[in-house]
Amino acid sequence: MARSNRVDRILRHVLSLSIAPAAVACGIDTDGFTAVTCGSERYLSDLHAAEELDFMQLVDIGEGPSDEPRVMTTFGTKCGSASNVAMCEAAIAAATSTKGFRLGQCVDSCPRHILITNKGDEVEVLDTKEAVLALIGPIDTAGEAVLAAELAEYHVACNNTEEGGVRAAGSGFEVLGTRYTEICDPLVRELYLLGINADGNAQEIDSEVIESSSACIGRRPAGLARRKACGSTRVGAYLASVAHLEAASVDAFEALAAELAHHGAPRTLVERAGIARRDEVRHARVMRKLASRHGGLFRAPSVEKQAPRSLEAIALDNAVEGCVRETFGALVGMWQARAAKDPAVRRAMRRIALDEARHASLAWAIDEWIRPRLDAAARERVEAARRNTLEIVAAEARAGNDPELVSTLGLPDGAAGERLARHFEVAVLALSA
Ligand SMILES: [Fe+2]
Ligand SMILES: [Fe+2]
């Protein structure tokens, strides 16, 4: 039987497995985490830079140009292999920046930092989070994982495994960190279980409130800024962004149908892409209506027309957008059709989820047709892209959704997202085998 025919059945199976309550304890289990040592030395003592360096120096450059820079810690021998030591030391002493990255959450005081690196006579200033992650990536030590969490502006407490710690998990690490999520009436501090991947991205796997009071503590942290919304309500803004994506899918299926025809794909695949295009026109219309009912402001997508892509480019796009994202989208749609408080959303999602499950089947059918037409290296690249997107989608699902979106639109919260992600990962691996 073709894999594509199994997609709908598998999605329903994943859904039923995910609905069953998980037998897990309440709160984040902090067992098995190693405590982080105190003191600034910890920032540099466990780093494997991508290239061998003579010396690193972490500097706190304060909040503004009038602040005196402060060396927090160093590692290695300053100008250890320089041909002109005096010039090298002068360059390190003069190194500064107007930018700088944060370490941990900025609440009352918001110092910025730079990392000065030295190899031979060369002195470099790294003054962004991205530059530091590029230097230490891939993340393969516990110290790097903790630094990545701090660069993502979580506070990792030292010598206290209830509020800070690190452990290896799968191909990456998990870090415990805290953050203030409300800083005034109430004051709320949360503990986060973070997944740190090889690139140093921190994904929130789980969170729990560990402190709540009616106090205030000054300045709002930068991380509290609300996501830019197009609408007068959060639900409306979310629905408007979904309507935008549905409208963009119309163009995607139009291009896909043309490309499949161009590469001589079976007529049924071309026709199914054409039907999917029509579905997406309807989805965009329905979501646009729902968005406007909730105060959302629809913005039409602007998509640039492209010449037909290569078979490998189509296969990559299909693996990422179809086999993973659209397939998971179908699953979330099924979930919403049961869980949304708004009956209009439940009705809309029942129909949309059915269509999306067919689109997911089409993606797997295209995958089945295209795979034998690629060489082994291209097939491996497609598979790697699929695995990578699966990890991203699973992490996003585990992070859960805003409580208002969970309630009104029935989107999965973190716990439901965790179950959906876990069973979905198994299902996708089975389908791609
Ligand atoms: Fe759609
Ligand atoms: Fe779709």
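Described below are features of the structure shown in this document. For clarity, every value in this text was computed on a predicted model and none was experimentally measured.

Okay, the overall build of the protein chain next. Helix and strand counts for the protein chain stand at twelve helices and eight strands. Counting only contacts in the protein chain whose residues sit at least 6 apart along the sequence, the fraction spanning at least 24 positions is 68%.

Take the packing of helix H10 (residues 376-399) against helix H12 (residues 414-432) next. Where H10 contacts H12, the axes come no closer than 7 Å and their chain directions differ by 165 degrees. Classified by the interaxial angle, the pair formed by H10 and H12 is roughly antiparallel. Here H10 and H12 pass one another in a crossing that is right-handed. The residues of H12 that touch H10, namely those facing Glu383, Arg386, Leu390, Ala394, Ala397, Arg398 and Ala399, are Gly414, Gly417, Glu418, Leu420, Ala421, Glu425, Val428 and Ser432. Looking at side-chain class alone, the contact of H10 with H12 contains seven nonpolar, three polar and five charged residues.

Before going further, it helps to examine the nonpolar core. With 74 residues, the main nonpolar core has Leu11, Leu239, Ala243 and Leu331 as its most contacted residues. Listed by contribution, the elements that provide at least two residues to this core are helix H1 (3-19), helix H6 (234-262), helix H7 (267-293), helix H8 (311-339), helix H9 (343-370), H10, helix H11 (403-409) and H12. When residues no more than four places from it in sequence are discounted, the contact partners of leucine 11 are Ala330, Leu331, Met334 and Ala357. Among the nonpolar cores identified, the runner-up in size contains 43 residues, and Cys79, Phe101, Ala152 and Leu193 belong to it.

Quick look at the environment of asparagine 201 now. Relative to the elements of secondary structure, asparagine 201 occurs in the loop between strand S7 (187-196) and strand S8 (202-213). Taking the C-alpha atoms as reference points, asparagine 201 and alanine 152, separated by 49 residues in sequence, lie 7.8 Å from one another.

Conventions adopted
- Residue numbering note: each chain is counted from 1, following its sequence as written.
- Ligands are numbered from 1 and chains lettered from A, in the order in which they are written.
- The predicted nature of this model means local features are confined to residues of pLDDT at least 70 and side-chain atom pairs, given and counted, to a pLDDT of 80 or more, with totals for whole chains, interfaces and linings taken over all residues.
- A run of DSSP states H or I qualifies as a helix once it reaches four residues; a run of E qualifies as a strand once it reaches two. Both are numbered from the N-terminal end.
- C-beta atoms are first placed from the backbone for all residues, and any pair lying within 7 Å is then listed as a contact.
- Geometry is summarised by axes, namely lines fitted to C-alpha atoms with helices restricted to the contacting stretch, and by angles between N-to-C directions that run from 0 to 180 degrees.
- For this classification, under 35 degrees means roughly parallel, over 145 means roughly antiparallel, 65 to 115 means roughly perpendicular, and everything else is oblique.
- Throughout, a crossing is termed right-handed when the near helix is turned clockwise from the far one, and left-handed when it is turned anticlockwise from it by less than a right angle.
- Charged means Asp, Glu, Lys or Arg here, nonpolar means Ala, Val, Leu, Ile, Met, Phe, Trp, Tyr, Cys or Pro, and polar covers whatever is left, Gly included.
- In plain words, the nonpolar core is the set of buried Ala, Val, Leu, Ile, Met, Phe, Trp, Tyr and Cys residues that C-beta atoms within 7 Å link up.
- To sort residues by exposure, count the other C-beta atoms lying within 10 Å of each residue's C-beta; 20 or more gives buried, 12 or fewer gives exposed, and values between give partly exposed, all with C-beta atoms placed from the backbone.

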